[in-house]
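So the chains spell out like this:
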Amino acid sequence: MDDPFRWKLLLKALVLPPVAPLLIALVGLALIGRYPRGGRALASFGVIALIILSMPAAALLLVRFVDDSRPFDFAQAVSAQAIVILGGGIRRDAPEYGGDTLGRLTLERVRYGARVARQTRLPVMVVGGPGPSAHETEAALMKAALESEYGVPVRWVEDRSQNTHENAQMAAAILRPDGVRKIVLVAHGFDMPRATAEFAATGIEAIPAPTGIAGPQRGALFDYVPSVEGLQGSYYALYELLANAVRRFVVMTQGA
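Presented here is a report on the structure given in the accompanying data block. This one's a predicted model, so the numbers in the text were calculated from it and none came from an experiment.

### So, the environment of Leu-29
Move 1: Along the chain, Leu-29 turns up in helix α2 (residues 19-31).
Move 2: The exposure class of Leu-29 is exposed, given its relative accessible area of 52%.
Move 3: Residues Leu-29 and Ala-43, 14 residues apart in the sequence, show an inter-C-alpha distance of 5.8 Å.
Move 4: Discounting chain neighbours no more than four positions away, the residues touching Leu-29 are Gly-39 and Ala-43.

### Here's the deal with the side chain of Asp-100
Move 1: Relative to the helices and strands, Asp-100 is located in strand β3 (residues 99-102).
Move 2: No salt bridge is formed by the buried Asp-100; the nearest opposite charge belongs to Arg-92, separated by 6.2 Å.
Move 3: There is a polar contact of 3.0 Å between the side chain of Asp-100 and the backbone nitrogen of Asp-93.
Move 4: In terms of polar contacts, Asp-100 uses its side chain to reach the backbone amide nitrogen of His-135, at 2.5 Å.
Move 5: In contact with Asp-100, not counting residues within four places along its chain, are Ile-90, Arg-91, Arg-92, Asp-93, Ala-94, Ala-134, His-135, Glu-136 and Leu-141.

### A short note on the packing of helix α5 (residues 104-120) against helix α6 (residues 138-149)
Move 1: One way to put it is that α5 packs onto α6 with a least axis distance of 10 Å and a crossing angle of 45°. When the interaxial angle is binned, α5 and α6 end up oblique. Along this stretch, α5 crosses α6, giving a crossing that reads as right-handed. Side by side, α5 and α6 meet where Thr-106, Val-110 and Ala-114 of the first sit next to Glu-138, Met-142, Ala-145 and Leu-146 of the second.
Move 2: For the contact of α5 with α6, the residue count by class is 5 nonpolar, 1 polar and 1 charged.

### A look at helix α8 (residues 192-201)
Move 1: Along α8, the residues that are buried comprise Met-192, Arg-194, Ala-195, Thr-196, Glu-198 and Phe-199.
Move 2: A positive backbone phi angle near 95° is found at Gly-203, which sits one or two residues after α8.

### Description of the packing of aromatic side chains
Move 1: Applying the stated criterion across every chain, the model contains 3 aromatic pairs.
Move 2: Aromatic side chains Phe-72 and Phe-74 sit 5.1 Å apart centroid to centroid with 70° between the ring planes, which places their arrangement in the edge-to-face category.
Move 3: The class of Phe-72 is buried, set by a relative accessible area of 7%.
Move 4: Pairing Phe-190 with Tyr-236 gives two aromatic rings, centres 4.9 Å apart and planes at 10°, and the pair type is stacked. Of this pair, Phe-190 sits in the loop between β6 (182-188) and α8 while Tyr-236 sits in helix α9 (residues 228-255), and the two are 46 residues apart along the sequence.
Move 5: A cation sits over an aromatic face here: Lys-12 above Tyr-239, 4.7 Å from the ring centre.

### Side note on a nonpolar patch on the surface
Move 1: On the surface, Trp-7, Leu-10, Leu-11, Leu-14, Val-15, Leu-23, Leu-26, Leu-29 and Leu-242 cluster together into a nonpolar patch covering about 830 Å² of accessible area.
Move 2: For the nonpolar patch, the elements supplying multiple residues, two or more each, are α1 (4-15) and α2.
Move 3: Examining the composition of the nonpolar patch, we find that 5 residues originate from one element, α1, more than from any other.
Move 4: Locating Leu-10 in the fold gives a position in helix α1.

### With respect to unusual backbone geometry
Move 1: Cis rather than trans, the peptide bond between Pro-17 and Pro-18 has omega equal to 5°.
Move 2: Locating Pro-18 in the fold gives a position in the loop between α1 and α2.
Move 3: Despite not being glycine, Asp-93 shows a phi value in the positive range, around 50°.
Move 4: Relative to the assigned elements, Asp-93 resides in strand β2 (residues 90-94).
Move 5: Owing to a relative accessible area of 47%, Asp-93 belongs among the partly exposed residues under this scheme.
Move 6: In this structure, Arg-121 is a non-glycine residue whose phi angle is positive, near 60°.

### Observations regarding the nonpolar core
Move 1: Phe-72, Ile-83, Val-124, Leu-146 and Val-184 are the most contacted members of the largest nonpolar core, which totals 27 residues.
Move 2: Counting only elements with at least two residues in this core, the list comes to β1 (82-86), α5, β4 (124-127), α6, β6 and β7 (205-211).
Move 3: Once you skip the residues sitting within four places of it in the chain, Val-184 turns out to touch Phe-72, Ala-77, Ala-80, Ala-82, Ile-83, Val-84, Val-116, Leu-122, Ile-207 and Ala-209.
Move 4: One finds Ala-82, Ala-172, Leu-185 and Met-192 within the second-largest nonpolar core, a separate group that totals 19 residues.

### Observations concerning the pattern of salt bridges
Move 1: The tally for this structure, following the rule as stated, stands at 8 salt bridges.
Move 2: Between Arg-91 and Glu-96 there is a salt bridge, with the nearest N and O atoms lying 2.6 Å from each other.
Move 3: Looking at Arg-91, the relative accessible area reads 38%, which means it is partly exposed.
Move 4: Lys-182 is the partner of Glu-205 in a salt bridge, and the nearest nitrogen-oxygen pair spans 3.8 Å.

Reading the values: rules and limits
Residues numbered from 1 in each chain as written. Predicted model: local features only at pLDDT ≥ 70, side-chain atom pairs only at ≥ 80, totals over all residues. Heavy atoms only, no water. Helix = DSSP H or I, 4+ residues; strand = E, 2+ residues; numbered from the N terminus. Buried < 20%, exposed > 50% of the residue type's maximum accessible area, 1.4 Å probe, protein only. Contact = heavy atoms within 4.5 Å. Lys, Arg positive; Asp, Glu negative; His and termini not counted. Salt bridge = Lys/Arg side-chain N within 4 Å of Asp/Glu carboxyl O. Polar contact = N/O pair within 3.5 Å; in protein donor to acceptor, adjacent residues only side chain to side chain. Axes fitted to C-alpha atoms, helices over the stretch in contact; angles between N-to-C directions. Parallel < 35°, antiparallel > 145°, perpendicular 65-115°, else oblique. Left-handed = near helix turned anticlockwise from the far one by under 90°. Nonpolar A, V, L, I, M, F, W, Y, C, P; charged D, E, K, R; others polar. Phe/Tyr/Trp six-rings, centres within 6.5 Å; stacked < 30°, edge-to-face > 60°. Lys NZ or Arg CZ within 6 Å of the ring centre and 35° of its normal. Patch = residues over 30% accessible without salt bridge, like charges linked within 9 Å, V, L, I, M, F, W, Y side chains within 5 Å. Areas by Shrake-Rupley, 256 points an atom, 1.4 Å probe, with all protein chains shown as cover. Core = buried A, V, L, I, M, F, W, Y, C linked by side-chain atoms within 4.5 Å.

Take a look at the structure:
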């Protein structure tokens, strides 16, 4: 596995739930024979952490810690020159589509980006390169969906980037020659703080147009029942916490 992108995916799997707490629990179980008290404590911690991270209420707290986005105010788009929609993953080899199609996060962004485009009438850019083992790029699939399913034309396509940093760098390189210095950026709320910061570093101001914004705490009993939805929310929030920490470290290192 010599592809850096694949190594990144493996690392993400190892340090984020559900694998990370499960690994902690397994290490604890392996140590019980030699270190009974420490092993049991470690195993219990891993199981309890997984249960808590699977609760929708815990996921919501984590997402809100990462993201405080508010719904996009269309009046803010008056000074913008373009809409940029970031990809969020591909669903590979979907049988009902006869090949690759948009992943859930990308589809949500495309749908909301189409709404923003119709309301603002700004030109649209789609951003996203090839995923592992994918036959098409995210950007190509996004462009096809916007134009054929939503009736929204796409002016720019950036189809080489593979992470948020590259999204911003490569998109900016395409937009700057056309005089674009201010954009409406469409991504998920939890991804927005890092994405806007990456675009700011390129000299392009990004007005956040987040989708998937965390709703209010309902206080319902089922918010405390572990679920796949809760675990997924915790995964996204923890990923952003780690990614933001890495980004700050890189910026500090470069500035030193």
